[in-house]
Amino acid sequence: MKKIAILGASYLQKPLVDKANAMGYETHCFAWDNDEAICKTIGHFFYPISVLDKEEILEKCQQIGIDGITTIATDICIPTIAFVAEKMKLTANSVYSSVLSTNKGEMRRAFELHNVNSPKSITISKLEELKILTLSFPLIIKPTDRSGSRGVTKVSSNLQLEDAFQRALEESLEKKAVIEEFIEGNEVSVETISWKGKHYILTITDKVTTEVPYFVELQHHQPSLLPAHIQNKIRLETYKALNALEIEFGASHAEFKINANGDAYAIEVGARMGGDFIGSHLVKLSTGYDFVKGVVEVAMQQFNEPVFTVQKSSGVYFLCHQTAQLKPYFETTNAFDVEKEILKEELISIQNSNDRSGFLIYQSDSKIELI
């Protein structure tokens, strides 16, 4: 039986572990051993090793004799996957690419070097550097190396800069922040899978987020309802961005803002499947393509070109204080019986994605609009 290493063991990785098990692979999960590590009882083997501990994971993977290594929906594992894959000659993006795709400062520099259309920005680590800013308000301040909207704040004046910068630094592992000009407009993501440098765009996802200052996702819907000519612009910028980051293998999740003129600005790209059920659920519901299976196939060098077997709409709504009106949909039979769950009874006014209290997932012939 071939063996696959999966980094992370939270609910985010459950679809991946389940899929690899179903495909007949022996699954080896690595993660912190805490209450969130639900995959430790789902995979064949579990190792309570931090996903950041590259050397220890490499040593264990060499002992096991793994045939592939991967993750979904989380950035923090990407550098370790690249490191192990390089040492063991497995299929993954390069170590250099893993830096470009997980550090927003390095990502911005790569975008600029390869003429990817993205907001003007600067990366700083010291408070005094705020005094030399030449960017135009409003601005977005975010940690260079976190995801899930952690530490992200929009500011409209110098009076808000210091607090927002400190908030981003508190969340950053390397204690740096990216400050970028805010692009007003629609937000989308592009879901792709790559094999040997060839990129396959699976779908474009429309997003709805909270308002200022935190911009946490409240809804995702596929396929995008943006006009075809704008979607073509997004696709072209996606190819440029993936090439700029030297992404050659596996899933990617590229986030864009579209301004009033229809110009597409690359905000950031993750060299992994999108979270929030986008990759694990919505892509298959809207296209018929099993994205999770595709990720496993890439890691195990068994890639098959994507085939789309359905044309549907799919989406997810998240429950929180701002969306309390969704609660009745959890209590009746409806279109969201695809999957729905209340994770906690308290409805919080959210500042990051961990504050959400539940979700509703649908598949339909057209987009379902509730709020």
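Quick caveat: nothing in here was measured; it's all calculated off a predicted structure. (Residues numbered from 1 in each chain as written. Predicted model: local features only at pLDDT ≥ 70, side-chain atom pairs only at ≥ 80, totals over all residues. Heavy atoms only, no water.)

## So, the packing of helix α2 (residues 54–64) against helix α3 (residues 78–88)
Think of two packed helices as two axes; the pair is described by the angle between the axes and how far apart they sit.
Right, so step 1: Orientation of α2 relative to α3, taken along the N-to-C sense of each, is 45°, at an axis distance of 10 Å. Here α2 lies oblique to α3, going by the angle between them. Like other packed secondary-structure pairs, α2 and α3 cross with a definite hand, here right-handed. Contacts between α2 and α3 involve Lys54, Glu55, Ile57, Leu58, Cys61 and Gln62 on the former and, on the latter, Pro79, Thr80, Phe83, Val84, Lys87 and Met88. (Axes fitted to C-alpha atoms, helices over the stretch in contact; angles between N-to-C directions. Helix = DSSP H or I, 4+ residues; strand = E, 2+ residues; numbered from the N terminus. Parallel < 35°, antiparallel > 145°, perpendicular 65-115°, else oblique. Left-handed = near helix turned anticlockwise from the far one by under 90°. Contact = heavy atoms within 4.5 Å.)

## Some points on the pattern of salt bridges
Proximity of charged atoms lets side chains of opposite charge pair with each other.
Right, so step 1: Counting across every chain of the model gives 19 salt bridges.
Right, so step 2: With its nearest N and O atoms 2.6 Å apart, the salt bridge here joins Lys40 to Asp33.
Right, so step 3: We note a salt bridge from Lys104 to Glu268, for which the minimum N-O separation is 3.8 Å. With Lys104 in helix α5 (residues 104–113) and Glu268 in strand β13 (residues 264–270), this residue pair connects regions lying 164 residues apart in the sequence. Note on accessibility: Lys104 and Glu268 belong to one class, buried. (Salt bridge = Lys/Arg side-chain N within 4 Å of Asp/Glu carboxyl O. Buried < 20%, exposed > 50% of the residue type's maximum accessible area, 1.4 Å probe, protein only.)

## Topic: the sheet that holds strand β5 (residues 121–124)
Right, so step 1: Read across the open sheet, the four strands follow the order β5-β8-β6-β7; overall the sheet is antiparallel. Since the sheet does not close on itself, it has two edges, and those belong to β5 and β7 (153–155), each with one partner. Averaged over all pairs of adjacent strands, the angle between their axes in this sheet comes to 25°, without regard to strand direction.
Right, so step 2: Across three bridges, strand β6 (residues 139–143) lies against β7 in antiparallel orientation. Residue pairing for β7: Leu139 is matched across the bridge by Val155.
Right, so step 3: Each of β5, β6, β7 and β8 (177–181) touches helix α6 (residues 158–171); the most contacted strand, β6, lies at about 25° to it. (Pairing = 2+ DSSP bridges.)

## Brief notes about the sheet that holds strand β3 (residues 45–47)
Right, so step 1: Here we have four strands laid out as an open sheet, ordered β3-β2-β1-β4, and parallel in their pairing. Strands at the two margins of the open sheet, each flanked by one partner only, are β3 and β4 (68–70). Neighbour-to-neighbour, the strand axes of this sheet turn through a mean angle of 20°, independent of strand direction.
Right, so step 2: In the sheet, strand β1 (residues 3–7) pairs with strand β2 (residues 26–30) via five bridges, with the strands oriented parallel. Counterpart to Ile6 in the pairing with β2 is Cys29.
Right, so step 3: On top of the sheet, helix α9 (residues 291–299) reaches β1 and β4; it is set at about 135° to β4, its chief contact.

## Brief notes about the side chain of Ser118
Right, so step 1: Here Ser118 is to be found in the loop between α5 and β5.
Right, so step 2: Taking relative accessible area as the criterion, Ser118 reaches 19% and is therefore assigned buried.
Right, so step 3: With residues near it in sequence (within four places) discarded, Ser118 still touches Arg108, Phe111, Tyr265 and Ala266.

## Observations concerning a negative patch on the surface
Right, so step 1: Together, Asp53, Glu55, Glu56 and Glu59 make up a region of like negative charge exposed at the surface.
Right, so step 2: Inspection of the secondary structure assignment puts Glu59 in helix α2.
Right, so step 3: What makes Glu59 partly exposed here is its relative accessible area of 47%. (Patch = residues over 30% accessible without salt bridge, like charges linked within 9 Å, V, L, I, M, F, W, Y side chains within 5 Å. Areas by Shrake-Rupley, 256 points an atom, 1.4 Å probe, with all protein chains shown as cover. Lys, Arg positive; Asp, Glu negative; His and termini not counted. Charge placed at Lys NZ, Arg CZ, Asp CG, Glu CD.)

## A look at unusual backbone geometry
Right, so step 1: Of note, the amide linkage connecting Phe137 to Pro138 takes the cis form, showing an omega dihedral of -5°.
Right, so step 2: Mapped onto the elements, Pro138 comes out in the loop between β5 and β6.
Right, so step 3: A cis amide bond links Gln222 with the next residue in sequence, Pro223, at an omega value of -10°.
Right, so step 4: On the secondary structure map, Pro223 appears in the loop between β11 (217–222) and α7 (228–244).
Right, so step 5: With a phi angle near 55°, Lys89 is a residue other than glycine that sits in the positive phi range.
Right, so step 6: Among the secondary structure elements, Lys89 is positioned in the loop between α3 and α4 (95–102).
Right, so step 7: We note that Asn115 has phi near 60°; this positive angle belongs to a residue other than glycine.
Right, so step 8: Mapped onto the fold, Asn115 is located in the loop between α5 and β5.

## Looking at the pairing of β6
A regular strand carries its side chains on alternate faces of the sheet.
Right, so step 1: With five of five residues buried, β6 lies mostly within the body of the structure.
Right, so step 2: Alternating residues of β6 divide into Leu139, Ile141 and Pro143 and Ile140 and Lys142, and every residue in both groups is buried.
Right, so step 3: Note that β6 and β8 share five bridges and pair antiparallel. Bridge pairing links Lys142 to Val178 in β8.

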